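# Report on the structure
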Amino acid sequence: MNSTRLVINLCVCTQLFAEGLSSLIREAFFEKELMFHICPDRCRLFENQPDILILDYSVLSTISHGELVDRNVPTLLVGTSCLPLFNNDYLRSLVQRGLAGILTPVAGRREL
């Protein structure tokens, strides 16, 4: 991970949602140089050699867990209303395979 610049790929199903997330992250990390790449599908998920991936379930469900592990990129799953209910074992397996965290639909700036 580059210490002066973070490359963040926001891969969520809604452009407006991605733009809002990028604004919130910029506010929280104003001292860092941030480069955001918004990709609405898995095709460009690992373009630009991201330091961090932020995904919603619609994108996560299209990639293999092995792909996350092989790329070794910290990944944050952002819960939206499209996120189905998961049992704890499934969530635990996602974390073991490279998922760095999960934000629930009610998470705010503080949790981000």
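Residues numbered from 1 in each chain as written. Predicted model: local features only at pLDDT ≥ 70, side-chain atom pairs only at ≥ 80, totals over all residues. Heavy atoms only, no water.

## Structural notes on the overall build of the protein chain
A tally of regular secondary structure across the protein chain gives four helices and five strands. The burial tally for the protein chain puts 35% of its 112 residues in the buried class. With the model as given, the accessible surface of the protein chain reaches about 6,800 Å², and the carbon-plus-sulfur share is 52%. (Helix = DSSP H or I, 4+ residues; strand = E, 2+ residues; numbered from the N terminus. Buried < 20%, exposed > 50% of the residue type's maximum accessible area, 1.4 Å probe, protein only. Areas by Shrake-Rupley, 256 points an atom, 1.4 Å probe, with all protein chains shown as cover.)

## Digging into the nonpolar core
In terms of nonpolar packing, the biggest core is built from 14 residues, with Leu 45, Leu 53, Leu 55 and Leu 60 touching the most fellow members. Residue assignment for this core shows that the elements contributing at least two residues are strand E3 (52-55) and helix H2 (57-60). Judged by nonpolar contacts, the second largest core, of 13 residues, contains Leu 6, Phe 36, Ile 54 and Leu 76. (Core = buried A, V, L, I, M, F, W, Y, C linked by side-chain atoms within 4.5 Å.)

## Description of the pairing of strand E2 (residues 33-38)
One ladder, built from six bridges, connects strand E1 (residues 5-11) with E2; its direction is parallel. Bridging across to E2, Asn 9 finds its partner in His 37. (Pairing = 2+ DSSP bridges.)

## So, the side chain of Thr 75
Checked against the element boundaries, Thr 75 lands in strand E4 (residues 75-78). Assessed through its relative accessible area of 1%, Thr 75 is described here as buried. A polar side-chain atom of Thr 75 sits 2.9 Å from the main-chain carbonyl oxygen of Val 73. Aside from chain neighbours lying at most four places away, what touches Thr 75 is Leu 53, Leu 55, Leu 68, Gly 98, Leu 99, Ala 100 and Gly 101. (Polar contact = N/O pair within 3.5 Å; in protein donor to acceptor, adjacent residues only side chain to side chain. Contact = heavy atoms within 4.5 Å.)

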